[in-house]
Amino acid sequence: MKRLIAILTGITLLLGLCSGCAPKHTQTVLLTPDPDGHVGKAVVTTAGGIQLLDTANAMTTISEPNAEPSTVTTASSEYLNKKFAQVLAVEPIPSEKFIIYFNNNTSEMTSESQSSFHKIIEAINKRKAIRIKISGHADSTGSDKLNIKLSCTRARFIRDLLVRQGITAEDIKVSSHGKGNQLIPTADNVSEPRNRRVEIIVR
Amino acid sequence: MKTMIFSLLILLFCISQAEAVHPDSIGHIQTLNGTATILRGDKSIPAVRALPVFRGDTIRTSKTGSLGIVLTDDTTFSLGPNSEIVMADYQFNPRDGKYSMITKMVKGTFSYISGLIGKLSPNSIKMDIPNATISVRGTKLLINIEAD
(Lines give C-alpha, C1' and ligand atoms only; values in the text may rest on other atoms or scores of the structure.)
Protein backbone atom coordinates (compact mmCIF):
# COMPACT_ATOMS: atom_id res chain seq x y z
CA MET A 1 0.00 0.00 0.00
CA LYS A 2 2.77 2.37 0.99
CA ARG A 3 4.44 1.50 -2.27
CA LEU A 4 1.25 2.21 -4.21
CA ILE A 5 0.95 5.63 -2.57
CA ALA A 6 4.57 6.34 -3.38
CA ILE A 7 4.00 5.38 -7.01
CA LEU A 8 0.82 7.45 -7.22
CA THR A 9 2.58 10.43 -5.67
CA GLY A 10 5.38 9.95 -8.15
CA ILE A 11 2.99 9.89 -11.09
CA THR A 12 1.14 12.97 -9.83
CA LEU A 13 4.44 14.79 -9.40
CA LEU A 14 5.58 13.77 -12.87
CA LEU A 15 2.31 14.86 -14.45
CA GLY A 16 2.53 18.13 -12.56
CA LEU A 17 6.08 18.63 -13.78
CA CYS A 18 5.19 17.74 -17.35
CA SER A 19 2.26 20.09 -17.61
CA GLY A 20 4.37 22.75 -15.99
CA CYS A 21 7.40 22.53 -18.26
CA ALA A 22 6.26 21.16 -21.60
CA PRO A 23 5.19 23.77 -24.12
CA LYS A 24 1.42 24.02 -24.55
CA HIS A 25 1.74 25.70 -27.91
CA THR A 26 -0.47 24.33 -30.62
CA GLN A 27 1.40 22.26 -33.16
CA THR A 28 0.10 21.49 -36.61
CA VAL A 29 1.31 18.91 -39.11
CA LEU A 30 0.01 19.22 -42.67
CA LEU A 31 0.64 16.83 -45.55
CA THR A 32 0.77 18.45 -48.99
CA PRO A 33 1.44 16.92 -52.41
CA ASP A 34 5.11 16.60 -53.43
CA PRO A 35 6.42 18.98 -56.08
CA ASP A 36 5.64 16.22 -58.64
CA GLY A 37 2.02 15.92 -57.43
CA HIS A 38 2.41 12.60 -55.60
CA VAL A 39 0.86 12.41 -52.11
CA GLY A 40 2.89 10.45 -49.55
CA LYS A 41 2.16 9.50 -45.96
CA ALA A 42 3.05 10.80 -42.53
CA VAL A 43 2.43 9.37 -39.08
CA VAL A 44 2.20 11.73 -36.12
CA THR A 45 2.78 10.08 -32.74
CA THR A 46 2.26 11.70 -29.34
CA ALA A 47 2.24 10.25 -25.84
CA GLY A 48 -1.57 10.07 -26.21
CA GLY A 49 -2.01 8.50 -29.61
CA ILE A 50 -1.25 8.22 -33.30
CA GLN A 51 -2.65 9.91 -36.39
CA LEU A 52 -2.08 8.99 -40.04
CA LEU A 53 -2.03 11.63 -42.77
CA ASP A 54 -2.37 10.19 -46.28
CA THR A 55 -4.50 12.57 -48.36
CA ALA A 56 -3.67 15.94 -49.93
CA ASN A 57 -3.72 18.77 -47.36
CA ALA A 58 -4.63 16.41 -44.49
CA MET A 59 -3.89 18.12 -41.21
CA THR A 60 -3.74 17.20 -37.53
CA THR A 61 -3.25 19.43 -34.50
CA ILE A 62 -1.76 18.80 -31.09
CA SER A 63 -2.89 21.32 -28.54
CA GLU A 64 -1.84 19.74 -25.24
CA PRO A 65 1.24 17.76 -24.27
CA ASN A 66 0.33 14.06 -23.94
CA ALA A 67 -2.94 14.63 -25.82
CA GLU A 68 -3.96 12.57 -28.82
CA PRO A 69 -3.41 14.28 -32.20
CA SER A 70 -6.73 15.73 -33.41
CA THR A 71 -8.89 13.96 -36.00
CA VAL A 72 -7.72 14.69 -39.51
CA THR A 73 -9.17 17.71 -41.27
CA THR A 74 -8.40 19.13 -44.70
CA ALA A 75 -6.56 22.43 -44.67
CA SER A 76 -8.11 25.22 -46.73
CA SER A 77 -5.95 27.20 -49.13
CA GLU A 78 -6.68 30.30 -47.01
CA TYR A 79 -5.20 28.60 -43.95
CA LEU A 80 -2.23 27.39 -45.95
CA ASN A 81 -1.47 30.81 -47.35
CA LYS A 82 -2.01 32.56 -44.03
CA LYS A 83 0.22 30.28 -41.96
CA PHE A 84 2.83 29.22 -44.47
CA ALA A 85 3.15 32.00 -47.08
CA GLN A 86 6.63 33.03 -45.98
CA VAL A 87 8.07 29.54 -45.65
CA LEU A 88 6.59 28.51 -49.01
CA ALA A 89 8.12 31.60 -50.62
CA VAL A 90 11.62 30.61 -49.52
CA GLU A 91 11.48 26.92 -50.54
CA PRO A 92 14.42 26.07 -52.79
CA ILE A 93 13.39 25.24 -56.36
CA PRO A 94 13.77 21.47 -56.94
CA SER A 95 16.92 20.44 -58.76
CA GLU A 96 16.83 20.01 -62.53
CA LYS A 97 18.78 17.55 -64.65
CA PHE A 98 20.06 18.14 -68.17
CA ILE A 99 21.74 15.75 -70.59
CA ILE A 100 24.12 16.94 -73.28
CA TYR A 101 25.02 14.46 -76.03
CA PHE A 102 28.26 14.22 -77.97
CA ASN A 103 29.39 13.07 -81.38
CA ASN A 104 31.18 9.74 -81.51
CA ASN A 105 34.61 9.69 -79.86
CA THR A 106 34.77 13.46 -79.40
CA SER A 107 33.96 16.15 -76.89
CA GLU A 108 31.97 17.93 -79.55
CA MET A 109 28.30 18.45 -78.68
CA THR A 110 25.62 17.24 -81.07
CA SER A 111 23.90 20.13 -82.82
CA GLU A 112 20.66 19.48 -80.84
CA SER A 113 22.56 19.72 -77.57
CA GLN A 114 24.34 22.87 -78.71
CA SER A 115 21.04 24.58 -79.33
CA SER A 116 19.58 23.58 -75.94
CA PHE A 117 22.67 24.52 -73.94
CA HIS A 118 21.21 27.92 -73.02
CA LYS A 119 18.54 26.14 -70.95
CA ILE A 120 21.23 25.06 -68.49
CA ILE A 121 22.41 28.62 -68.03
CA GLU A 122 18.79 29.73 -67.52
CA ALA A 123 18.21 27.03 -64.88
CA ILE A 124 21.39 28.07 -63.05
CA ASN A 125 20.45 31.75 -63.09
CA LYS A 126 16.84 31.14 -62.06
CA ARG A 127 17.95 29.34 -58.90
CA LYS A 128 21.09 31.37 -58.35
CA ALA A 129 22.44 27.83 -58.21
CA ILE A 130 25.36 27.09 -55.94
CA ARG A 131 25.64 23.34 -56.51
CA ILE A 132 26.17 22.20 -60.07
CA LYS A 133 27.14 18.58 -60.64
CA ILE A 134 28.62 17.54 -63.96
CA SER A 135 29.24 13.89 -64.76
CA GLY A 136 30.87 12.68 -67.97
CA HIS A 137 30.05 9.39 -69.71
CA ALA A 138 31.13 7.44 -72.77
CA ASP A 139 29.57 4.55 -74.66
CA SER A 140 31.09 1.08 -74.39
CA THR A 141 33.14 1.09 -77.59
CA GLY A 142 36.92 1.33 -77.19
CA SER A 143 39.20 0.62 -74.26
CA ASP A 144 38.41 1.52 -70.64
CA LYS A 145 41.40 3.82 -70.64
CA LEU A 146 40.09 5.72 -73.63
CA ASN A 147 36.56 5.93 -72.23
CA ILE A 148 37.67 7.24 -68.88
CA LYS A 149 39.72 9.91 -70.59
CA LEU A 150 36.91 10.75 -73.02
CA SER A 151 34.24 11.01 -70.32
CA CYS A 152 36.53 13.25 -68.30
CA THR A 153 37.31 15.49 -71.29
CA ARG A 154 33.60 15.83 -72.03
CA ALA A 155 32.75 16.77 -68.45
CA ARG A 156 35.55 19.33 -68.29
CA PHE A 157 34.53 20.73 -71.65
CA ILE A 158 31.04 21.46 -70.29
CA ARG A 159 32.49 22.85 -67.07
CA ASP A 160 34.75 25.25 -69.01
CA LEU A 161 31.85 26.29 -71.20
CA LEU A 162 29.74 27.16 -68.15
CA VAL A 163 32.61 29.06 -66.55
CA ARG A 164 33.13 31.04 -69.76
CA GLN A 165 29.44 32.00 -69.56
CA GLY A 166 30.04 33.49 -66.14
CA ILE A 167 29.17 30.56 -63.84
CA THR A 168 31.38 30.40 -60.73
CA ALA A 169 33.87 27.55 -61.06
CA GLU A 170 33.75 26.86 -57.30
CA ASP A 171 30.04 25.97 -57.55
CA ILE A 172 30.75 23.17 -60.05
CA LYS A 173 31.66 19.61 -59.14
CA VAL A 174 32.96 17.42 -61.93
CA SER A 175 33.15 13.63 -62.05
CA SER A 176 33.68 11.13 -64.83
CA HIS A 177 32.46 7.58 -65.18
CA GLY A 178 34.03 6.16 -68.35
CA LYS A 179 31.54 3.71 -69.78
CA GLY A 180 29.97 3.26 -66.32
CA ASN A 181 26.43 4.33 -65.31
CA GLN A 182 25.02 3.91 -68.77
CA LEU A 183 21.78 5.66 -69.62
CA ILE A 184 20.95 2.83 -72.03
CA PRO A 185 22.44 -0.41 -70.71
CA THR A 186 24.51 -2.14 -73.39
CA ALA A 187 27.10 -4.89 -73.67
CA ASP A 188 30.71 -3.94 -74.34
CA ASN A 189 31.65 -2.44 -77.70
CA VAL A 190 28.20 -1.12 -78.51
CA SER A 191 28.05 2.28 -80.13
CA GLU A 192 25.12 3.99 -78.36
CA PRO A 193 24.71 7.74 -78.95
CA ARG A 194 22.56 8.16 -75.82
CA ASN A 195 25.41 6.94 -73.62
CA ARG A 196 27.83 9.51 -75.07
CA ARG A 197 26.76 12.21 -72.73
CA VAL A 198 27.34 14.62 -69.87
CA GLU A 199 24.69 14.93 -67.17
CA ILE A 200 24.31 18.24 -65.41
CA ILE A 201 22.33 18.56 -62.18
CA VAL A 202 21.51 22.12 -61.19
CA ARG A 203 20.60 22.75 -57.56
CA MET B 1 46.79 -2.89 -62.79
CA LYS B 2 48.29 -0.16 -64.93
CA THR B 3 44.82 0.63 -66.26
CA MET B 4 43.50 0.83 -62.74
CA ILE B 5 46.14 3.29 -61.61
CA PHE B 6 45.60 5.31 -64.75
CA SER B 7 41.83 5.33 -64.18
CA LEU B 8 42.32 6.44 -60.63
CA LEU B 9 44.61 9.26 -61.69
CA ILE B 10 42.12 10.43 -64.30
CA LEU B 11 39.33 10.28 -61.74
CA LEU B 12 41.32 12.31 -59.24
CA PHE B 13 42.23 14.72 -61.97
CA CYS B 14 38.56 15.10 -62.80
CA ILE B 15 37.28 15.73 -59.29
CA SER B 16 37.11 19.45 -58.69
CA GLN B 17 37.59 21.30 -55.44
CA ALA B 18 33.99 22.46 -54.96
CA GLU B 19 33.00 20.03 -52.20
CA ALA B 20 36.43 19.11 -50.96
CA VAL B 21 36.42 22.38 -49.01
CA HIS B 22 33.72 21.14 -46.61
CA PRO B 23 33.87 17.35 -46.84
CA ASP B 24 31.76 16.83 -43.71
CA SER B 25 28.98 19.29 -44.44
CA ILE B 26 25.51 17.76 -44.63
CA GLY B 27 24.07 20.50 -46.81
CA HIS B 28 24.01 24.22 -47.36
CA ILE B 29 21.82 27.30 -47.18
CA GLN B 30 20.27 27.66 -50.61
CA THR B 31 17.84 30.56 -50.09
CA LEU B 32 17.81 33.36 -47.54
CA ASN B 33 15.61 36.35 -46.80
CA GLY B 34 16.37 38.68 -43.92
CA THR B 35 18.66 37.45 -41.15
CA ALA B 36 19.25 34.07 -39.55
CA THR B 37 21.89 32.39 -37.41
CA ILE B 38 23.57 29.02 -37.22
CA LEU B 39 24.52 27.95 -33.71
CA ARG B 40 27.44 25.52 -33.80
CA GLY B 41 28.92 24.51 -30.46
CA ASP B 42 29.43 27.83 -28.68
CA LYS B 43 29.72 29.75 -31.94
CA SER B 44 26.99 31.82 -33.49
CA ILE B 45 27.42 32.23 -37.25
CA PRO B 46 25.39 34.70 -39.32
CA ALA B 47 23.65 32.83 -42.14
CA VAL B 48 24.64 33.64 -45.72
CA ARG B 49 23.72 31.87 -48.96
CA ALA B 50 25.85 28.80 -49.69
CA LEU B 51 26.99 28.51 -46.05
CA PRO B 52 27.58 24.82 -45.30
CA VAL B 53 25.43 23.14 -42.64
CA PHE B 54 26.89 20.50 -40.31
CA ARG B 55 25.45 17.73 -38.19
CA GLY B 56 24.45 19.12 -34.81
CA ASP B 57 23.82 22.66 -36.08
CA THR B 58 20.91 24.66 -34.73
CA ILE B 59 19.42 26.98 -37.33
CA ARG B 60 17.42 29.96 -36.13
CA THR B 61 15.68 32.63 -38.17
CA SER B 62 14.98 36.15 -36.90
CA LYS B 63 11.48 37.67 -36.69
CA THR B 64 11.84 38.80 -40.29
CA GLY B 65 14.13 36.05 -41.56
CA SER B 66 13.41 32.92 -43.58
CA LEU B 67 15.67 30.42 -45.34
CA GLY B 68 15.84 27.16 -47.26
CA ILE B 69 18.39 24.40 -46.63
CA VAL B 70 19.29 21.68 -49.12
CA LEU B 71 20.87 18.54 -47.68
CA THR B 72 23.26 16.32 -49.62
CA ASP B 73 20.50 13.77 -50.37
CA ASP B 74 18.36 16.58 -51.87
CA THR B 75 16.03 16.84 -48.87
CA THR B 76 14.97 20.43 -48.28
CA PHE B 77 13.98 22.09 -45.03
CA SER B 78 12.65 25.63 -45.20
CA LEU B 79 12.14 27.84 -42.16
CA GLY B 80 9.72 30.73 -41.86
CA PRO B 81 10.30 33.70 -39.54
CA ASN B 82 11.09 33.15 -35.85
CA SER B 83 11.79 29.44 -36.34
CA GLU B 84 14.35 27.06 -34.93
CA ILE B 85 15.47 23.58 -35.99
CA VAL B 86 18.23 21.30 -34.71
CA MET B 87 19.89 19.01 -37.27
CA ALA B 88 20.44 16.38 -34.58
CA ASP B 89 21.70 13.55 -36.77
CA TYR B 90 22.33 13.01 -40.45
CA GLN B 91 24.02 10.31 -42.43
CA PHE B 92 23.73 9.79 -46.17
CA ASN B 93 26.02 7.04 -47.29
CA PRO B 94 24.48 5.01 -50.14
CA ARG B 95 27.71 3.07 -50.66
CA ASP B 96 27.42 1.45 -47.21
CA GLY B 97 23.63 1.70 -47.05
CA LYS B 98 23.83 3.95 -43.98
CA TYR B 99 21.14 6.56 -43.54
CA SER B 100 19.91 8.74 -40.73
CA MET B 101 18.02 12.00 -40.52
CA ILE B 102 16.85 13.21 -37.15
CA THR B 103 15.68 16.76 -36.71
CA LYS B 104 14.12 18.61 -33.81
CA MET B 105 11.85 21.49 -34.64
CA VAL B 106 11.60 23.82 -31.68
CA LYS B 107 9.33 26.63 -32.87
CA GLY B 108 8.07 28.37 -35.98
CA THR B 109 6.94 27.26 -39.44
CA PHE B 110 8.63 24.65 -41.60
CA SER B 111 8.40 22.98 -44.94
CA TYR B 112 9.99 19.57 -45.45
CA ILE B 113 10.39 18.01 -48.90
CA SER B 114 11.84 14.53 -48.88
CA GLY B 115 14.99 13.63 -50.78
CA LEU B 116 16.83 10.39 -51.46
CA ILE B 117 16.81 9.17 -47.85
CA GLY B 118 13.01 9.36 -48.04
CA LYS B 119 13.13 7.04 -51.03
CA LEU B 120 15.92 4.69 -49.95
CA SER B 121 15.34 4.42 -46.21
CA PRO B 122 12.20 6.20 -44.96
CA ASN B 123 12.49 4.51 -41.55
CA SER B 124 15.71 6.45 -40.93
CA ILE B 125 13.79 9.72 -40.88
CA LYS B 126 12.48 11.12 -37.63
CA MET B 127 11.20 14.62 -37.04
CA ASP B 128 10.54 15.70 -33.48
CA ILE B 129 8.26 18.59 -32.62
CA PRO B 130 7.78 19.54 -28.96
CA ASN B 131 4.82 17.19 -28.30
CA ALA B 132 5.04 14.64 -31.11
CA THR B 133 7.24 12.61 -33.39
CA ILE B 134 6.63 12.50 -37.13
CA SER B 135 7.61 9.68 -39.46
CA VAL B 136 7.17 9.96 -43.21
CA ARG B 137 6.88 8.02 -46.46
CA GLY B 138 8.38 10.17 -49.21
CA THR B 139 6.44 13.36 -48.96
CA LYS B 140 6.09 17.04 -48.34
CA LEU B 141 5.01 18.37 -44.96
CA LEU B 142 4.20 21.76 -43.55
CA ILE B 143 4.62 22.13 -39.82
CA ASN B 144 3.61 24.95 -37.52
CA ILE B 145 4.68 25.26 -33.89
CA GLU B 146 3.06 28.25 -32.21
CA ALA B 147 5.59 30.36 -30.33
CA ASP B 148 4.90 32.20 -27.06
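Preceding block: the structure.
Not measured: the values here are computed from a predicted model.

**Looking at the overall build of chain A**
Stage number 1. Broken down by element type, chain A carries four helices and nine strands.
Stage number 2. For chain A, the α and β elements follow one another from N to C terminus as α-β-β-β-β-β-α-β-α-β-α-β-β.
Stage number 3. For chain A, the proportion of its 203 residues judged to be buried stands at 31%.
Stage number 4. Sequence-distant contacts in chain A: of pairs separated by 6 or more residues, those separated by 24 or more amount to 58%.

**Observations regarding the sheet that holds strand E9 (residues 197–202) of chain A**
All names here are of chain A.
Stage number 1. Pairing within the open sheet is mixed, and its four strands lie in the order E6-E9-E7-E8. Single-partner strands in this sheet number two, and they are strand E6 (96–101) and strand E8 (172–176). Sheet twist, expressed as the mean angle between neighbouring strand axes with direction ignored, is 15 degrees.
Stage number 2. Pairing between strand E7 (residues 132–136) and E8: five bridges, direction parallel. Note that in E8 the partner of Ile134 across the bridge is Val174.

**Some points on the interface of chain B and chain A**
Stage number 1. On the chain A side, the residues contacting the 50 residues of chain B number 48 residues.
Stage number 2. Top contributing element to the side of chain B that touches chain A by residue count: helix H1 (residues 2–14) of chain B, with seven residues.
Stage number 3. Its residues assigned to classes, the side of chain B that touches chain A comprises 24 nonpolar, 20 polar and six charged.
Stage number 4. As judged from the six bridges shared by strand E1 (residues 27–32) of chain A and strand E12 (residues 140–145) of chain B, these two strands associate in the antiparallel manner. Note on E12 of chain B: the bridge partner recorded for Val29 of chain A is Ile143 of chain B.

Analysis parameters
- Residues numbered from 1 in each chain as written.
- Chains lettered and ligands numbered in written order.
- Predicted model: local features only at pLDDT ≥ 70, side-chain atom pairs only at ≥ 80, totals over all residues.
- Helix = DSSP H or I, 4+ residues; strand = E, 2+ residues; numbered from the N terminus.
- Buried ≥ 20, exposed ≤ 12 C-beta atoms within 10 Å, placed from the backbone.
- Contact = placed C-beta atoms within 7 Å.
- Pairing = 2+ DSSP bridges.
- Axes fitted to C-alpha atoms, helices over the stretch in contact; angles between N-to-C directions.
- Nonpolar A, V, L, I, M, F, W, Y, C, P; charged D, E, K, R; others polar.

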